[in-house]
Amino acid sequence: MKSVSLFATALTVATLMSGCSIFQKTGTTVNDEKAQVKTTPANQTDKQTSKPAVSPSSETQIAPLLGSWAVTSINGEKVVVNGENHPKFTFEAIPDAKTAILVIAFNGCNYLNGSWEVSGNKLKPNGNFISTLKACPDAPYEFALNEALNIVASYNVIDDNSISLNSDSGRTLMTLRKRNLSFLNGAWQVTTIQGTPVPASTAIKIVIDVDECKIHGNAGCNILNGSVVVNLDKGDGIEFKDLATTRMMCPDIATEQSFLLALEQVATCVEGASSDQATMKGAEGQPLLTLIRISPDQLENQ
């Protein structure tokens, strides 16, 4: 997700042009069904103030928060919904604001955007949050997340992939798990299928776009297209759905069929020895596919 920093004038113009309405944090809305509306810290838009001195260690204060996170619990209740309406957060650094982060929350229906000032593990809202304005019949955590977000005052690191967002009394409001699948974006060649090397005469080359939820490529004989579903109940959970191919016959069609069958069973994906290697596993953790990263030029040379 691209970092966007908007000046107040730009936000005002966008608001007038789109018919948007902006309210206070307790009911913040912007009438835009899909676009994620970003905001800048209040001290950059409401008034001009001198910037406080920033110590060399300031950037380390925000480092544990940066990235994309799935919400795993709200007020002690486990989040069980999966798919596109799973609540999530993205925290991004703000240029020239080393102790502040951009906060992009999704409550299962609407996006809420704002920023926090970070001091140690303390979090302080930097002005008001704004939100898209949609009515959704299938967003069971929408209001609980909104209320929890409104009183977040600190965070704690649980482990390398998990944090909690807490109230000013230290009560856990939400737990988040980091999404670790960005390494999977790009072009790949399949090297083994359930432990069996792919024959040199058959090149299975695919492109995965986690952000756009798409997969396409050459399954070994036929052109492949499908959907990517990030399973937010697991940090490395991923599934491939709606797979469709052309229907040519080739000498080694059996390898292609084995690949497609394995791809449909994928439940997780992890990096190999480097970010240029990946292993896709089944629900029981068994390796199904191994892949190596390739360049776009290699992808074109089918």
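Right above here is the structure, for reference.
Residues numbered from 1 in each chain as written. Predicted model: local features only at pLDDT ≥ 70, side-chain atom pairs only at ≥ 80, totals over all residues. Heavy atoms only, no water.

**Student:** Would you take a moment to explain the environment of T255 for this structure?
**Tutor:** Mapping T255 onto the fold places it in helix α5 (residues 253–265). Take T255: its relative accessible area is 12%, and that puts it in the buried class. In this structure the C-alpha to C-alpha distance between T255 and P197, which are 58 residues apart in sequence, comes to 10.0 Å. In this structure, T255 is in contact with I193, V198, P199, T202 and I204, ignoring residues within four places of it in sequence. Within polar-contact distance, the side chain of T255 engages the side chain of D252 at 2.8 Å. (Helix = DSSP H or I, 4+ residues; strand = E, 2+ residues; numbered from the N terminus. Buried < 20%, exposed > 50% of the residue type's maximum accessible area, 1.4 Å probe, protein only. Contact = heavy atoms within 4.5 Å. Polar contact = N/O pair within 3.5 Å; in protein donor to acceptor, adjacent residues only side chain to side chain.)

**Student:** Any chance you could explain the state of the cysteines here in plain terms?
**Tutor:** A covalent bond between the sulfur atoms of two cysteines is referred to as a disulfide. For the coordinates displayed, the defined rule picks out two disulfides. Covalently, C109 is tied to C136 through a disulfide, its sulfur atoms 2.0 Å apart. Looking down the S-S bond of the C109 and C136 bridge, the torsion is 75°, so its handedness is right-handed. Remark: C136 occurs in the loop between β7 (130–131) and α4 (142–150) and C109 occurs in the loop between β4 (97–106) and β5 (111–119); sequence separation between them is 27 residues. Assessed through its relative accessible area of 3%, C109 is described here as buried. Judged by its relative accessible area of 23%, C136 falls in the partly exposed class. Residue pairing for C221: its cysteine sulfur links by disulfide to C250, the two sulfurs lying 1.8 Å apart. A torsion of 70° about the S-S bond marks the disulfide between C221 and C250 as right-handed. Of this pair, C221 sits in the loop between β14 (214–218) and β15 (223–231) while C250 sits in the loop between β16 (237–245) and α5, placing them 29 residues apart in sequence. Under the relative-accessibility criterion, C221 is labelled buried at 8%. Across the protein chain, the way the bonded cysteines pair up, counted in sequence order, is 1-2, 3-4. (Disulfide = S-S within 2.5 Å.)

**Student:** How should α4 be read in this particular structure?
**Tutor:** Every α-helical turn comprises 3.6 residues, leaving residues that sit three or four positions apart pointing alike. Looking at α4, one finds that the buried residues are E142, L145, A148 and L149. Seen end-on, α4 carries its buried residues on one side only, within an arc spanning 140°. Exposed side chains of α4 directed beyond 90 degrees from the buried face belong to F143 and E147. Where α4 is buried, its residues contact β1 (67–74), β3 (88–94), β4, β5 and β10 (172–178). (Arc of directions from axis to C-beta.)

**Student:** What am I meant to see in the pattern of salt bridges here?
**Tutor:** Side chains that carry opposite charge are capable of pairing whenever their charged atoms lie near each other. Per the stated rule, a full pass over the model turns up two salt bridges. For E239, the salt bridge is made with K241, and the minimal N-O distance between the two is 3.5 Å. By relative accessible area, K241 is classed as partly exposed at 39%. Note that R293 and D276 form a salt bridge whose closest N and O atoms lie 3.0 Å from each other. Of this pair, R293 sits in strand β19 (residues 287–293) while D276 sits in the loop between β17 (268–271) and β18 (277–281), and the two are 17 residues apart along the sequence. (Salt bridge = Lys/Arg side-chain N within 4 Å of Asp/Glu carboxyl O.)

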